[in-house]
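Spelled out from the first residue to the last, the chains are:
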Amino acid sequence: MAKTPQVGEAAPAFELQGTEGPFRLSDHRGERVVLLFYPGDNTPVCKKQFCSYRDRADDFAALDATVVGISAQDVDSHRGFIENNSLTVPLLADVDGTVASAYSASNRLGTKRAVIVIDERGIVQYRHDHLLGLDYQSVDDLKKMLDAVPAASAK
């Protein structure tokens, strides 16, 4: 079964509460957006992933994209995860799993690790679904993904 949305398809609209307030995908039209779906706060691989972004904050900021993490924990859990680890990526609470389902980033165990890159027009330009979720995209990997996405004005 194909993952949806596929590259070239419109990204499903959503609004979630997050550590920096409400996040509406539609509010970010005109920007590139990277959705980092992850299994859970304070889990070993997720902690390593988000700490790696914190540790390369300058390189991460240079990605020229809005980047958010999405998992099923609530905002309080996300705030604790950020505070305990001095994280720099805003986290969104998909408590009922609706957004993860809309992006085929869930299974019977919950949210899976996946990366979705959305261009300025709201079109999915890249997706990477992790088979087991035991690894993650580094800052360098994210940069390569974004560099491969032509600017919307170039299309």
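Presented here is a report on the structure given in the accompanying data block. Bear in mind that the values here come from a model prediction, so they are computed numbers and not experimental data.

1. Focus on the overall build of the protein
Part 1 of the reasoning: Counting secondary structure elements, the protein contains five helices and nine strands.
Part 2 of the reasoning: Along the protein, helices (α) and strands (β) appear in the sequence β-β-β-α-α-β-α-β-α-β-β-β-β-α when read from the amino end.
Part 3 of the reasoning: A compact globule built from 155 residues should have a C-alpha radius of gyration of about 15 Å, and the protein, at 14 Å, falls within 12% of that.
Part 4 of the reasoning: Expressed as lengths along the three principal axes of its C-alpha atoms, the size of the protein is roughly 40 × 35 × 30 Å.
Part 5 of the reasoning: Split into buried and exposed, the 155 residues of the protein put 48% on the buried side.
Part 6 of the reasoning: Residue pairs at least 24 apart in sequence account for 69% of intrachain contacts in the protein once pairs closer than 6 positions are excluded.

2. Quick word on the packing of aromatic side chains
Part 1 of the reasoning: Considering all chains together, one arrives at eight aromatic pairs under this definition.
Part 2 of the reasoning: An aromatic cluster of three or more residues is present, and its members are Tyr38, Phe50, Tyr53, Phe60 and Phe81.

3. Considerations on the side chain of Thr66
Part 1 of the reasoning: Relative to the assigned elements, Thr66 resides in strand β4 (residues 66-71).
Part 2 of the reasoning: For Thr66, a relative accessible area of 18% translates into the label buried.
Part 3 of the reasoning: A distance of 2.5 Å separates the side chain of Thr66 from the side chain of Glu31, its partner in a polar contact.

4. Notes on the sheet that holds strand β2 (residues 21-24)
Within a sheet, adjacent strands bond to each other through the backbone by hydrogen bonds, running parallel or antiparallel.
Part 1 of the reasoning: One open sheet holds the seven strands; their spatial order is β2-β1-β5-β4-β3-β8-β9, and the pairing between them is mixed. Both outer strands of the open sheet, β2 and β9 (124-129), are each paired with one neighbouring strand and no more. Neighbouring strand axes in the sheet, compared pairwise and without regard to direction, differ in orientation by 30 degrees on average.
Part 2 of the reasoning: Pairing of strand β3 (residues 33-37) with strand β8 (residues 114-118) involves five bridges; the strand directions are antiparallel.

5. Things to note about unusual backbone geometry
Part 1 of the reasoning: Located in the positive-phi region is Asn42, a residue other than glycine, with phi close to 65 degrees.
Part 2 of the reasoning: Looking at the secondary structure, you find Asn42 in the loop between β3 and α1 (44-55).
Part 3 of the reasoning: The backbone of Ser86 shows a phi angle near 50 degrees, a positive value even though the residue is not glycine.
Part 4 of the reasoning: Take Ser86: it is sitting in the loop between α3 (75-85) and β5 (91-93).

Definitions and cut-offs
Residues numbered from 1 in each chain as written. Predicted model: local features only at pLDDT ≥ 70, side-chain atom pairs only at ≥ 80, totals over all residues. Heavy atoms only, no water. Helix = DSSP H or I, 4+ residues; strand = E, 2+ residues; numbered from the N terminus. Rg over C-alpha atoms; globule rule 2.2 N^0.38 Å. Buried < 20%, exposed > 50% of the residue type's maximum accessible area, 1.4 Å probe, protein only. Contact = heavy atoms within 4.5 Å. Phe/Tyr/Trp six-rings, centres within 6.5 Å; stacked < 30°, edge-to-face > 60°. Polar contact = N/O pair within 3.5 Å; in protein donor to acceptor, adjacent residues only side chain to side chain. Pairing = 2+ DSSP bridges. Axes fitted to C-alpha atoms, helices over the stretch in contact; angles between N-to-C directions.

Worth remembering: the numbers are spatial, not functional.
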